[in-house]
Number of protein chains: 2
Amino acid sequence: MSVVSLLRDALGARVDVSEQARREARADRSGHAAVGLPLAVVHAESVDDVQQTLRIATATRTPVVVRGAGTGLAGAANAGEGEIVLSLRRMDAVLEVRPDDLLAVVEPGILNADLNAHLAAQGLWWPPDPASRDISTVGGNIATGAGGLLCAKYGVVRDAVLGVDLVLADGRLLHLGHRSVKGVTGLDLTALVVGSEGTLGVVVGATLKLRRLVPGETCTVTATFPGVRAAAAGSAAVTAAGIQPAIMELMDAASLAAVHALLALPAPTPGAAQLTIQTDGPAARAEADAIAAILSAHEGVPVVSHDPVEGDRLLAIRRSMHAAMASLGTTLIEDVSVPRSAMPAMFDEIARIERQFDMVIPTVAHAGDGNLHPNFIFEGPETPPQVWAAADELFRAAIRLGGTLTGEHGIGVLKRRWLADELGDDQWRLQRDIAAVFDPLGILNPGKVFSPDA
Amino acid sequence: MSVVSLLRDALGARVDVSEQARREARADRSGHAAVGLPLAVVHAESVDDVQQTLRIATATRTPVVVRGAGTGLAGAANAGEGEIVLSLRRMDAVLEVRPDDLLAVVEPGILNADLNAHLAAQGLWWPPDPASRDISTVGGNIATGAGGLLCAKYGVVRDAVLGVDLVLADGRLLHLGHRSVKGVTGLDLTALVVGSEGTLGVVVGATLKLRRLVPGETCTVTATFPGVRAAAAGSAAVTAAGIQPAIMELMDAASLAAVHALLALPAPTPGAAQLTIQTDGPAARAEADAIAAILSAHEGVPVVSHDPVEGDRLLAIRRSMHAAMASLGTTLIEDVSVPRSAMPAMFDEIARIERQFDMVIPTVAHAGDGNLHPNFIFEGPETPPQVWAAADELFRAAIRLGGTLTGEHGIGVLKRRWLADELGDDQWRLQRDIAAVFDPLGILNPGKVFSPDA
């Protein structure tokens, strides 16, 4: 009996073999697509659906690619020839919210923004705030360790997950982690699952650590600078001064020009770069004023706004970056992260790579935490070799500066070629062997992360 | 050639075979001691010393027990017959402090308090704040996932470690983690090492995530309650009201009486329990007042102090708990952690166990995060069977309430018997198999954590 027949016997109409569904599951938002068509898309509606799918996959040695909303940027959820796509998008329930314990238990398929709308009604929020929050799932945020705009002040995904329910490749269900603030019982497998990109198991539930909505006003500081290096130095000066904004976003001249064009705003001053900074909490106003003073002393021209509507409007410019890039051509969005003090040096490296390869690399950065997104724009579906060559220079520069290949997008297929460069061969093998303890047959997302031959 | 001869050839006078050193390495602060005497204590002074020791251990299949200051409370660093003790206490350098990147790179043997004194001079601190901070090492804090008083507001150890340098059982050195705020390159092995209690490798260096010293005053609220359940309900009401104190400590009547006796303070009201709460940051004063109002509405009699010296004096009562217990006899300090809302129910369970076993169990709690330390007091060096029977009831009650065996002390030898009860057999085996990937010969801390036969 074929794999598809077995799946249909077990799961009925939740097995989708339409060409459209299989075609859509080949690609994510990275622009990259897998080769060939997957066998079927299973739309799981329960933990049991997931377990049944994995038991069939194990019995037939069929690879499984887990998928949320397909908004990844590294190809980790792209499914190809001979693979089962296991979609968790329909498992989107909020199972429990406990304001007194500051936790929520959710299914993985809920969108980040939908969860936060639900929580806001109770005065709560879940801090992970990827730029994709309106379209990406909580399960996907966990699988990739998605970061976002608020990490410097409010932490990374790993800090915001207390436990996960994980279905192993053979269909067994494990409950990892705990519901208490503290817990050191054995190894921290919850943290290991965060960012594991579908290689260890299928996250079918998550216990999330919540925060109360921050009381008080939010202030917004925008500042223009003569160039990107000055803007980076300005943001580093804010961090070095001991002020912790909630958000500190940097846009270089090319990014700013593209977004202004997309939104039909007046063209910005040529060459000018911009910081958009938000402060929150009881000291928001004082911090915004202090930040404005620091930026003025670092070649910036700051404007402070206390109007939340105006603040949202100003941040919307930053949030339109992805759409602006997509309007220019096919985009490879990179994701290097460096220590904050190395931000100016990293922008120097980007400028060097632009000259070396004679290309423009529009770059935005989560400047508060040193996470840069350089964008490579090209025509057609295939990433040209010279773009990969320039990206290779970029990765090596980030690692040289004490940084990392990927701050929040993950390795997927697009960066597996460089993974061992950063980890070293010994750690690379150790990580691969740990994944094999979870998935001895190697059926979970094969060819992703630990497959060196790109 | 004997193991000791090999060690001496390689490490000379850093190999200590004195009976005193070997005897001291048998025990930690749990009161529990290993059987027999270890072979030798290696006082490592460099990464190379650690690597050489582990190469000899691997070549001769000799077990290695890593040790910092020996202040553990679960027996994880206790060394016995035929084992090498690898002490990292002399590796206590601060290698780098970067205020602009909010990170420090340190050797593992530095005491937590010494590190924080060093950092304070630059306006910085490392948040993990175990009650043992004056006598415990940073490496030990990392190995156990030590918690402390500040976790609800400032996070657990896992949130405060960006990377570790790890020597594997065979002597290879790995650099795990990163120096940037964000980083999702492969599996998060740094988080896996935190709390792994010497079973995965030897932490020879750590990149720590720092915070700026919190500006503004610290306010202290003490409140007495007619009983421990009322105090627990009061603390839960503070959390439920959305106020986040820096510290919220609870002492029951027996604890309070013991500490007052030790410090020669007037005897407290019989049966009365106490909360000691500190608020910090820009809103410290308003939060303290709001907390006092909540506690008044929950049977508490609060007193607010804005005097930092008085605040230290009030907290010193709580910090004297360990000494007060030690003055009463041999102590088994337990460490269950439950969701905050379950604190009153957990105190009901403790009262039930006290009645059932006809014993007094003085209990303090980090009430802000639901972590309780019930103390069993007895005569002589051996934990009596009825104490283990009562502890068994305690652990099962915590797990039933959605909590965990250990919030911050770890499994060591004292709780390995219960580990599979919490994890389930499947996860227990998975964790053990992951440890075996790091240490295939099983020479790192054998008999600890994953050894079920206590």
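Residues numbered from 1 in each chain as written. Chains lettered and ligands numbered in written order. Predicted model: local features only at pLDDT ≥ 70, side-chain atom pairs only at ≥ 80, totals over all residues. Heavy atoms only, no water.

Participant: Give a detailed account of the interface of chain A and chain B, specifying residues and quantitative values.
Facilitator: Of the residues lining the interface, 72 residues belong to chain A; the matching set on chain B comes to 72 residues. For the pair chain A and chain B, the two sides together bury roughly 6000 Å², of which 60% comes from carbon and sulfur. Per-residue buried area on chain A facing chain B is highest for K182, T185 and L187 of chain A; these three make up 14% of the total on that side. The tally of links between chain A and chain B comes to eight salt bridges. A salt bridge links R172 of chain B to D426 of chain A, with the nearest nitrogen and oxygen atoms 3.2 Å apart. There are 35 residue pairs in polar contact (both at pLDDT 80 or more) connecting chain A and chain B. (Contact = heavy atoms within 4.5 Å. Buried area = accessible area lost by both parts, 1.4 Å probe. Salt bridge = Lys/Arg side-chain N within 4 Å of Asp/Glu carboxyl O. Polar contact = N/O pair within 3.5 Å; in protein donor to acceptor, adjacent residues only side chain to side chain.)

Participant: Describe the pairing of strand β10 (residues 202-209) of chain A, and please don't skip the residues or the numbers.
Facilitator: All names here are of chain A. Among the eight residues of β10, seven are classified as buried, and the element is accordingly described as predominantly covered. Note: strand β6 (residues 103-106) against β10, four bridges, orientation antiparallel. Residue pairing for β10: L103 is matched across the bridge by K209. Of the pairings in the sheet, the one linking strand β8 (residues 161-167) to β10 comprises six bridges and is antiparallel in character. Within the sheet, the bridge partner assigned to V161 lies in β10 and is L208. (Buried < 20%, exposed > 50% of the residue type's maximum accessible area, 1.4 Å probe, protein only. Helix = DSSP H or I, 4+ residues; strand = E, 2+ residues; numbered from the N terminus. Pairing = 2+ DSSP bridges.)

Participant: I'd like a description of the nonpolar core, backed by residues and values.
Facilitator: Ranked by internal contacts, the top residues of the largest apolar core, which has 174 residues, are W126, L208 and F438 of chain A together with W126, L208 and F438 of chain B. Here L208 of chain A is in contact with L102, L103, A104, V106, L115, W126, V138, I142, A160, V161 and L162 of chain A, once residues within four sequence places are set aside. (Core = buried A, V, L, I, M, F, W, Y, C linked by side-chain atoms within 4.5 Å.)

Participant: How would you summarise the sheet that holds strand β12 (residues 219-225) of chain A if you had to cite specific residues and measurements?
Facilitator: All names here are of chain A. Read from one edge of the open sheet, seven strands run β15-β12-β14-β13-β17-β18-β16, paired in antiparallel fashion. The open sheet has two free edges, formed respectively by β15 (301-305) and β16 (330-333), since each of these has just one partner strand. Between one strand axis and the next, the sheet turns by 15 degrees as a mean value, whatever way the strands run. Of the strand pairs in this sheet, β12 and strand β14 (residues 273-279) are connected by seven bridges, and their pairing is antiparallel. If you follow V221 over to β14, its bridge partner there is I277. (Axes fitted to C-alpha atoms, helices over the stretch in contact; angles between N-to-C directions.)

Participant: Explain unusual backbone geometry to me, using residue names and the numbers behind them.
Facilitator: Even without being glycine, E197 of chain A reaches a positive phi, approximately 55 degrees. A relative accessible area of 3% means that E197 of chain A is categorised as buried. Within the chain, A264 of chain B stands out as a residue other than glycine whose phi angle is a positive 55 degrees. Here A264 of chain B shows up in the loop between α9 (253-262) and β14 (273-279). The exposure class of A264 of chain B is exposed, given its relative accessible area of 68%.

Participant: Pulling in residues and values, what's your account of the UniProt feature "domain: FAD-binding PCMH-type" (unreviewed entry) in chain A?
Facilitator: This chain's UniProt record puts "domain: FAD-binding PCMH-type" (unreviewed entry) on residues 34-213 of chain A. The span residues 34-213 of chain A carries 22% helix and 25% strand; its end-to-end C-alpha distance comes to 41 Å. (UniProt positions renumbered as here; feature names shortened; annotations may be inferred.)

Participant: An account of the packing of aromatic side chains is requested, with residue identities and associated values reported.
Facilitator: Going through the model one piece at a time under the given rule, you end up with eight aromatic pairs over all chains. The interplanar angle of 35 degrees and the centroid separation of 5.6 Å between the aromatic rings of W388 of chain A and W418 of chain A together place this pair among those described as tilted. Taken together, the positions of W388 of chain A in helix α14 (residues 385-400) and W418 of chain A in helix α15 (residues 416-423) put the pair 30 residues apart, joining distant regions of the chain. This pair shows no difference in class: W388 of chain A is buried, exactly as W418 of chain A is. With centroids separated by 5.1 Å and ring planes inclined at 80 degrees, the aromatic side chains of W125 of chain B and Y154 of chain B adopt a geometry described as edge-to-face. Remark: Y154 of chain B occurs in helix α6 (residues 151-154) and W125 of chain B occurs in strand β7 (residues 124-125); sequence separation between them is 29 residues. Comparing W125 of chain B with Y154 of chain B, the two get one shared label, buried. Following the ring pairs from residue to residue traces out a cluster consisting of W388, F395 and W418 of chain A. Over the ring of W388 of chain A we find R417 of chain A, and its NZ or CZ is 5.4 Å from the ring centre. (Phe/Tyr/Trp six-rings, centres within 6.5 Å; stacked < 30°, edge-to-face > 60°. Lys NZ or Arg CZ within 6 Å of the ring centre and 35° of its normal.)

Participant: Outline the relation of the copies chain A and chain B, supporting the account with residue identities and numerical values.
Facilitator: The operation relating the two chain copies consists of a rotation about an axis and a shift along that axis. Rotating chain A by 180 degrees and translating it 0.0 Å along the rotation axis places it on chain B, where the RMSD comes to 0.0 Å. Here the transformation between the copies is reduced to the relation of a two-fold axis. Taken together, the interface assignments show that 100% of the residues at the interface of chain A recur at the interface of chain B, consistent with an identical surface on both copies. (Least-squares fit on C-alpha atoms with pLDDT ≥ 70 in both.)

Participant: Tell me about helix α11 (residues 308-319) of chain B, and name the residues and values.
Facilitator: Residue and element names in this part refer to chain B. For α11, spanning 12 residues, the distance from its first C-alpha to its last is 16 Å, which sits close to the expected 16 Å at 1.5 Å a residue. Where α11 is concerned, the buried positions are G311, L314, L315, I317 and R318. Axial view of α11: buried residues confined to an arc of 135 degrees, hence all on one face. Facing away from the buried side of α11, by more than 90 degrees, are the exposed residues V309 and D312. By the N-cap criterion, in which a side-chain oxygen at the helix start approaches the backbone nitrogen of a residue two or three places on, α11 is capped by D307, the distance to V309 being 3.0 Å. (Expected span 1.5 Å × (residues − 1). Arc of directions from axis to C-beta.)

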